[in-house]
Amino acid sequence: MNKVAAPGTGTLTIVKNSQPDDAQDFHFTTVGAGLSAFDLDDDGNNNPLTNTKTFTNLAAGANVTCTFTNVR
Ligand SMILES: [Ca+2]
Ligand SMILES: [Ca+2]
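Residues numbered from 1 in each chain as written. Chains lettered and ligands numbered in written order. Predicted model: local features only at pLDDT ≥ 70, side-chain atom pairs only at ≥ 80, totals over all residues.

A. Focus on the pairing of strand β2 (residues 22-31). Inspection of the sheet shows β2 paired to strand β3 (residues 38-42) by 4 bridges, in the antiparallel sense. The residue bridging F26 from the neighbouring strand is L40, located in β3. Connecting the antiparallel pair β2 and β3 is a turn made up of 6 residues, with G32 showing a positive phi of about 140°. Note that β2 and strand β5 (residues 65-70) share 6 bridges and pair antiparallel. Following the sheet pairing, F28 is matched in β5 by F68. (Pairing = 2+ DSSP bridges. Helix = DSSP H or I, 4+ residues; strand = E, 2+ residues; numbered from the N terminus.)

B. Quick look at the environment of T54. Topologically, T54 is positioned in strand β4 (residues 52-59). The exposure class of T54 is exposed, given the 10 C-beta atoms found within 10 Å. Expressed as a C-alpha distance, the spacing of T54 and T69, which sit 15 residues apart in the sequence, is 19 Å. Beyond its immediate stretch of four places on either side in the chain, T54 contacts T11 and T13. (Buried ≥ 20, exposed ≤ 12 C-beta atoms within 10 Å, placed from the backbone. Contact = placed C-beta atoms within 7 Å.)

Next up, the structure:
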């Protein structure tokens, strides 16, 4: 089944690129319809976390905010 985004929607991708790569987890909080909190790390593998998060079908023109906290 093909999924086609509804007209007038957008996609947001957040990429965490730590220097150097590290297993540190970064917790992101969000403000905006269609978003929810998530965690990323950048240790070079996907287990269990990836370094990217994508939200789709976001309303056009909506303001969104993503904030991360470094707990180290
Ligand atoms: Ca990196
Ligand atoms: Ca990882």
